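Spelled out from the first residue to the last, the chains are:
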Amino acid sequence: MRAFAVKAFPSPPELMDLPKPVPGPGEILVHLGAASVNPMDWKLTGLAEGGLVPHVVPFVLGIDGAGVVEGVGDGVSRFKIGDGVFGQFAHTPYGTGTYAEFTTAPETLGISKTPRGIYTGPASAVPTAGMTALAAVDAIGLRKGQTLLIQGAKGGVGSFATQIASNLGILVVAASRGDHGTYMRKLGAYEYFDSSRIGWTRDYRGAHPSGVDAALDLVGTESLSDPSASLVRDGAVVGSPVVAPGASGTTERGIRILPIQLQPSTSLLDRLSAEISSGRLRIPVESTVPLSEAAEAISLSRQGLGRGKTVLTI
Ligand SMILES: NC(=O)c1ccc[n+]([C@@H]2O[C@H](COP(=O)([O-])OP(=O)(O)OC[C@H]3O[C@@H](n4cnc5c(N)ncnc54)[C@H](OP(=O)(O)O)[C@@H]3O)[C@@H](O)[C@H]2O)c1
């Protein structure tokens, strides 16, 4: 099968031909039609290269995908051959990823049947970013009419979170580097700030003198991006899937730092499916490229330059 993989560390990943995997007990074999790009793809590759996570080589990249079940191992009960499925396929040992024609995964992961009428490309863009956005909005727990700053809003998680929050009547203040106001407003944001513009925080404070009710920090750095905690009101919640779980705590101003660690589940996926099927949630695919362009797609993801989700067709 064709796969985008690292043959042996420290070589870079490349397109190669690998044997088709065989599902073990409790596993499904999925013929993938598409995978989507997540920062976790290259972060996991780095962890594997550093020997920090259990993995196999060749190491096939990718955690999100969508396709059709082509085989089932002993004991599989949730899926049958021919089912259309989408989900997050990450499991240890890592390296049996979705940037490939076929992948195997335990059926117990956050994998569900693909909603009717959704093609594999868009379906592959939902799992990690959609589930993280939903879990984050749940965890931050704002009510209708309250304000939420989303930093790094134009990315995958931000594009889902903006829609999910604004569907609940939460007023989303989106911030991203660059001219993305029209895009973010289409997703439901009621205000947009270009965070690459010098002086944007002054304008922001002018618009929100006492601060917003909460923030969701999605900027791909290890610590909270500077403005997050300083732009919210006293006692606000700042949620982030980027900060380490150990970073939780409360600051002098009573601001609660809430690390968000995704626990993928079929119930999160099924809630997303219901929102997509009802037309309330648009899958924010902004770029679709062939698997042969995976290296370029990863390079853009590393720089946080992509908007919405990038899909690799296989
Ligand atoms: N802990 C978990 O369970 C979990 C789950 C899912 C995601 N995550 C993490 O959450 C973050 C957001 O995920 P995502 O899928 O939304 O990622 P994404 O689509 O790449 O968006 C991340 C945003 O971060 C900013 N960014 C990224 N790299 C940057 C760089 N080199 N310099 C400056 N800004 C940069 C950009 O903000 P602008 O919009 O301002 O340009 C970008 O839009 C990622 O770090 C991801 O690994 C964690």
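No experiment lies behind these values; they were computed from the predicted model shown.

Reading guide: rules and limits
Residues numbered from 1 in each chain as written. Predicted model: local features only at pLDDT ≥ 70, side-chain atom pairs only at ≥ 80, totals over all residues. Helix = DSSP H or I, 4+ residues; strand = E, 2+ residues; numbered from the N terminus. Rg over C-alpha atoms; globule rule 2.2 N^0.38 Å. Contact = placed C-beta atoms within 7 Å. Core = buried A, V, L, I, M, F, W, Y, C linked by C-beta atoms within 7 Å. Buried ≥ 20, exposed ≤ 12 C-beta atoms within 10 Å, placed from the backbone. Pairing = 2+ DSSP bridges. Axes fitted to C-alpha atoms, helices over the stretch in contact; angles between N-to-C directions. Arc of directions from axis to C-beta. Parallel < 35°, antiparallel > 145°, perpendicular 65-115°, else oblique. Left-handed = near helix turned anticlockwise from the far one by under 90°. Nonpolar A, V, L, I, M, F, W, Y, C, P; charged D, E, K, R; others polar.

## Focus on the overall build of the protein
Phase 1 of the analysis: For the protein, the helix and strand inventory stands at nine helices and 18 strands.
Phase 2 of the analysis: For 314 residues, the compact-globule estimate of 2.2 N^0.38 gives 20 Å, and the protein sits close to it at 20 Å.
Phase 3 of the analysis: A principal-axis box enclosing the C-alpha atoms of the protein has dimensions of 60 × 45 × 35 Å.
Phase 4 of the analysis: Put simply, of all contacts in the protein between residues at least 6 apart along the chain, 65% involve residues at least 24 apart.

## Remarks on the nonpolar core
Phase 1 of the analysis: Counting residues in each nonpolar core, the largest one holds 93 residues, and the members touching the most others are Tyr99, Leu148, Ile150, Ala161 and Leu312.
Phase 2 of the analysis: It is helix α3 (residues 127-140) that contributes the most residues to this core, eight residues altogether.

## Considerations on the pairing of strand β13 (residues 212-217)
Phase 1 of the analysis: Within β13, six of the six residues are buried, leaving the element largely enclosed by the surrounding structure.
Phase 2 of the analysis: Inspection of the sheet shows strand β10 (residues 147-151) paired to β13 by four bridges, in the parallel sense. Considered in β13, the bridge of Leu149 is made with Ala215.
Phase 3 of the analysis: Pairing of β13 with strand β14 (residues 232-240) involves four bridges; the strand directions are parallel. If you follow Ala215 over to β14, its bridge partner there is Val238.

## As for unusual backbone geometry
Phase 1 of the analysis: For the bond from Phe9 to Pro10, the omega torsion is 10°, close enough to zero to count as cis.
Phase 2 of the analysis: Residue placement: Pro10 occurs in the loop between β1 (2-6) and β2 (14-17).
Phase 3 of the analysis: With omega at -10°, the peptide bond leading from Val57 into Pro58 counts as cis.
Phase 4 of the analysis: As for its position among the elements, Pro58 is in strand β4 (residues 55-60).

## Observations concerning the sheet that holds β2
Phase 1 of the analysis: Taken in spatial order, the four strands line up as β2-β1-β4-β7 in an open sheet, and their pairing is mixed. Strands at the two margins of the open sheet, each flanked by one partner only, are β2 and β7 (94-96). Each strand axis lies, on average, 50° off the axis of its neighbour in the sheet, ignoring direction.

## Side note on the sheet that holds strand β11 (residues 171-176)
Phase 1 of the analysis: Pairing in this open sheet of seven strands is mixed, and the strands run β12-β11-β10-β13-β14-β16-β15 from one edge to the other. Here the strands that pair on one side only, and so sit at the sheet edges, are β12 (191-194) and β15 (249-250).
Phase 2 of the analysis: Those strands touched by α3 are β10, β13, β14 and β16 (256-259), and its axis lies near 150° from that of β14.

## Some points on helix α9 (residues 294-302)
Phase 1 of the analysis: Considered for burial, the residues of α9 that qualify are Ala294, Ala297, Ile298 and Ser301. In a view along the axis of α9, the buried residues occupy a sector of 100°, so they form one face of it. Structural note: α9 exposes Ala295, Glu296 and Ser299 on the side pointing more than 90 degrees away from its buried face.
Phase 2 of the analysis: Residues of α9 that are buried sit in contact with β1, α1 (39-49), β17 (285-290) and β18 (309-313).
Phase 3 of the analysis: Following α9 by one or two positions, Gly304 has its phi on the positive side, about 65°.

## Notes on the pairing of β1
Phase 1 of the analysis: Summarising burial for β1: four of the five residues are buried, a large majority.
Phase 2 of the analysis: Looking at chain direction, β1 and β2 are connected through four bridges and run antiparallel. What sits directly across from Arg2, in β2, is Asp17.
Phase 3 of the analysis: For β1 and β4, the ladder comprises two bridges, and the chain directions are antiparallel. Note that in β4 the partner of Ala5 across the bridge is Val60.

## A word on the packing of α3 against helix α4 (residues 156-167)
Phase 1 of the analysis: Where α3 contacts α4, the axes come no closer than 8 Å and their chain directions differ by 45°. With respect to α4, the element α3 is oriented oblique. Crossing geometry of α3 relative to α4 is assigned as right-handed. Together, Ala129, Gly130, Thr132, Ala133, Leu134, Ala136 and Val137 of α3 and Gly156, Val157, Phe160, Ala161, Ile164 and Ala165 of α4 make up the contact between the two elements.
Phase 2 of the analysis: A per-class count over the contact of α3 with α4 returns 10 nonpolar, three polar and no charged.

## Description of the environment of Ser195
Phase 1 of the analysis: Mapping Ser195 onto the fold places it in the loop between β12 and α6 (200-207).
Phase 2 of the analysis: Here Ser195 is in contact with Gln151, Ala175, Ser176, Arg177 and Trp200, once residues within four sequence places are set aside.

## Quick notes on the environment of Gly181
Phase 1 of the analysis: Note on placement: Gly181 falls in helix α5 (residues 181-186).
Phase 2 of the analysis: Along the chain, Gly181 and Asp194 lie 13 residues apart, while their C-alpha atoms are 7.9 Å from each other.

## A short note on the packing of α3 against helix α8 (residues 266-277)
Phase 1 of the analysis: Direction vectors running N to C along α3 and α8 enclose 95°, while the axes themselves pass 10 Å from each other. When the axis of α3 is compared with that of α8, the two are roughly perpendicular. Seen from α3, the contacting residues are Pro127, Gly130, Met131, Leu134 and Ala135; seen from α8, they are Leu268, Leu269, Arg271 and Leu272.
Phase 2 of the analysis: Per-class residue counts for the contact of α3 with α8 are seven nonpolar, one polar and one charged.

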